[in-house]
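Observations on chain architecture
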Amino acid sequence: MLIYLLRHGLTEYNAQKRYQGQRDIPLSAEGLSQLRRADIDPKVVYITPLQRTAQTARVLFPEAELVVVKDLQEMCFGSFEGKNYVEMEHDADYQAWVQANCESKCPDGERKDDFSNRICSAFSALVDKALADGEELLVILAHGGTQMAAMERYALPRRDYYAWCGPNAGGYVLDAADWAEKRQLRLVKTVQYTKDAEAGA
């Protein structure tokens, strides 16, 4: 079975490098216009409650049924959401969080370990179910944080959490052949579903 673990398209918050977290930020006009239909046609695509995932999925996979999985949604950045690093340059809480490699708890938000455990629990349940049902394809369209958490824990070759943040409307194709025995996924390739990527292919 192949797993596609994808990130939503571009938002204004992405362009402005703002922490969007669990804010329900839509795709920007530019982000929507960049998208193109994917080269696969899954029956089902798993998304999050945040509209940027559904908007992306409807362009990439227009025929698919969209199924919301709440626990796949992005990390809650608490009081940092809506701001970028420039605006928080003198924020003591933000500076302390950065000094802790962004692994301590965000004020009114999540701790990275708790976030990763939430993502990996939801992600592994979907992989287990797809394999049990004999599926050949599992498509998850979520967030950069979703990718980082799942890939850090399960993907080969091993990479650091932050190394796994894919581009908007891009992500990873993984082979689940070793999942049942080793809880590992082998990276097959990266994909990008934007028009400029298609032109450069």
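To keep things clear, this report deals only with the structure shown in the data block. Since the structure is predicted, the reported quantities are computational estimates derived from the model, not experimental observations.

What counts, and at which threshold
- Note on numbering: residues in each chain are counted from 1, in written sequence order.
- Local features in this predicted model are restricted to residues of pLDDT 70 or higher, and side-chain atom pairs are both shown and tallied only at a pLDDT of 80 or more, whereas totals for entire chains, interfaces and linings draw on every residue.
- Think of the side-chain values as coming from all heavy atoms in the structure, minus any hydrogens and water.
- Here a strand is any run of E in DSSP of at least two residues, a helix any run of H or I of at least four, and the numbering for each starts at the N terminus.
- Expected span of a helix: the number of residues minus one, times 1.5 Å.
- A simple rule labels every residue: compare its accessible area, found with a 1.4 Å probe on the protein chains alone, to the largest value its type can have, and call it buried under 20%, exposed over 50%, or partly exposed in between.
- When checking whether two residues touch, look at their non-hydrogen atoms; a contact exists if any pair is within 4.5 Å.

1. Here's the deal with helix H5 (residues 112-132)
For H5, spanning 21 residues, the distance from its first C-alpha to its last is 30 Å, which sits close to the expected 30 Å at 1.5 Å a residue. Among the residues of H5, Lys112, Phe115, Ser116, Arg118, Ile119, Cys120, Ala122, Phe123, Ser124, Leu126, Val127 and Ala130 are the ones counted as buried. Looking at the buried positions of H5, the neighbouring elements they touch are strand S1 (2-7), strand S2 (44-47), strand S4 (137-142), helix H6 (144-154), helix H7 (179-182) and strand S7 (185-192). Positioned one or two residues after H5, Gly134 has a phi angle of 75°, which is positive.

2. A word on unusual backbone geometry
A cis amide bond links Leu156 with the next residue in sequence, Pro157, at an omega value of 5°. One non-glycine residue with positive phi stands out, namely Asn101, at about 60°. Inspection of the secondary structure puts Asn101 in the loop between helix H4 (92-99) and H5. The backbone of Arg183 shows a phi angle near 55°, a positive value even though the residue is not glycine. Topologically, Arg183 is positioned in the loop between H7 and S7. For Arg183, a relative accessible area of 33% gives the class partly exposed.

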